[in-house]
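Summary of structural features
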Amino acid sequence: MKNIFRLFIAGALLFGFIACEDETKVCDQTMTANVHVVFVRDSSGFVWDTTFRAVTTLALNRDTLLNNAATNNAYFNLSPVSDTSQFYLRADSLLQADTVTFIYKRQPKFISAGCGFGTIYNLDTVFATRNLIDSVQILQKSVTNSNDTHVNLYYFNE
């Protein structure tokens, strides 16, 4: 009788281990989504992408250099602990810099037991100094991935 009981307990434990999913797996998903900004110019209603030679971006109050390369766009990582983020943006080392400010609402999103929570951002307002930036256009308010274009920055025509 003891052996049957032990066999039953061992079988129940084995079944329990097989039925459980490992929730401590390494997270293989992206936890953050960055705001994708494209640099454009508008000349008499004709809009085109603008590539600058040495774009430098810096997250203000976080001292994070985001990139320094020739490009026609930038990705900004918004703060998960604040409803605003400011960035220093110099489109070219020979040109004057601008400051871009994002105001948004944060919403936590459960990813998985292994990953935990991520943050979805909903852009309310984006504004910039007007040294070289003429205007800002929000294309998509919900920032859930970095593949979409969220904001156009219109530069003054030279």
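Residues numbered from 1 in each chain as written. Predicted model: local features only at pLDDT ≥ 70, side-chain atom pairs only at ≥ 80, totals over all residues. Heavy atoms only, no water.

1. A few points about the overall build of the protein
Within the protein, the regular secondary structure consists of one helix and eleven strands. Listing every helix and strand of the protein by position from the N terminus yields α-β-β-β-β-β-β-β-β-β-β-β. The proportion of buried residues among the 158 residues of the protein is 29%. Residue pairs in contact within the protein that sit at least 24 positions apart in sequence constitute 48% of those at least 6 positions apart. (Helix = DSSP H or I, 4+ residues; strand = E, 2+ residues; numbered from the N terminus. Buried < 20%, exposed > 50% of the residue type's maximum accessible area, 1.4 Å probe, protein only. Contact = heavy atoms within 4.5 Å.)

2. Points about the pattern of salt bridges
This model, assessed by the stated rule, comprises four salt bridges. Residue D92 is joined to R53 by a salt bridge in which the shortest nitrogen-to-oxygen separation is 2.9 Å. Of this pair, D92 sits in the loop between β6 (84-90) and β7 (98-112) while R53 sits in strand β3 (residues 52-59); the two residues are 39 residues apart in sequence, bridging distant segments of the chain. Owing to a relative accessible area of 7%, D92 belongs among the buried residues under this scheme. Judged by its relative accessible area of 55%, R53 falls in the exposed class. (Salt bridge = Lys/Arg side-chain N within 4 Å of Asp/Glu carboxyl O.)

3. Section: the nonpolar core
Taken as a class, soluble globular proteins show a tendency for nonpolar side chains to be buried jointly. Membership of the largest hydrophobic core comes to 25 residues, with the highest contact counts inside it found for V35, F39, F102, L123 and L153. Among residues more than four places away in sequence, those in contact with L123 are V35, L78, F102, I103, Y104, I138, Q140, K141, V143, H150 and V151. (Core = buried A, V, L, I, M, F, W, Y, C linked by side-chain atoms within 4.5 Å.)

4. Focus on the environment of F102
Locating F102 in the fold gives a position in strand β7. Looking at F102, the relative accessible area reads 0%, which means it is buried. Separated by 19 residues in sequence, F102 and D83 have C-alpha atoms that sit 8.2 Å apart. Discounting residues that sit within four places of it in the chain, F102 has contacts with V35, V37, F76, L78, D83, T84, S85, F87, L123, T125, V126 and V151.

5. As for the confidence of the model for the protein
The predicted structure's coordinates, where accompanied by low pLDDT, should not be read in detail. Per-residue pLDDT for the protein averages 83, and the proportion of residues at 70 or more is 74%. Confidence, expressed as mean pLDDT per element, reaches its minimum in the protein at helix α1 (residues 2-19) with 61 and its maximum at strand β10 (residues 142-143) with 96. (pLDDT = per-residue confidence, 0-100.)

6. Thoughts on the side chain of S79
Note that S79 resides in the loop between β5 (73-76) and β6. At 3.4 Å, the side chain of S79 and the backbone nitrogen of S82 are in polar contact. Dropping the residues within four chain positions of it, S79 is found in contact with R62, T84, S85, Y104, R106 and Y121. (Polar contact = N/O pair within 3.5 Å; in protein donor to acceptor, adjacent residues only side chain to side chain.)

7. Let's talk about the packing of aromatic side chains
In this description, a pair of aromatic rings is defined by centroid distance and the angle of the planes. Considering all chains together, one arrives at eight aromatic pairs under this definition. Residues F76 and F87 carry aromatic rings whose centres are separated by 4.6 Å and whose planes lie at 50° to one another, so their mutual orientation is tilted. You can see F76 sitting in strand β5 and its partner F87 sitting in strand β6, a full eleven residues away along the chain. Given a relative accessible area of 0%, F76 falls into the buried group. Taken together, a centroid distance of 5.3 Å and an interplanar angle of 90° make the contact between Y104 and Y121 edge-to-face. Of the two residues, Y104 is situated in strand β7 and Y121 in strand β8 (residues 116-128); the sequence distance between them amounts to 17 residues. Since its relative accessible area comes to 1%, Y104 is described here as buried. Each residue in the set F39, F52 and Y155 is aromatic and connected to the rest through ring pairs, giving one cluster. (Phe/Tyr/Trp six-rings, centres within 6.5 Å; stacked < 30°, edge-to-face > 60°.)

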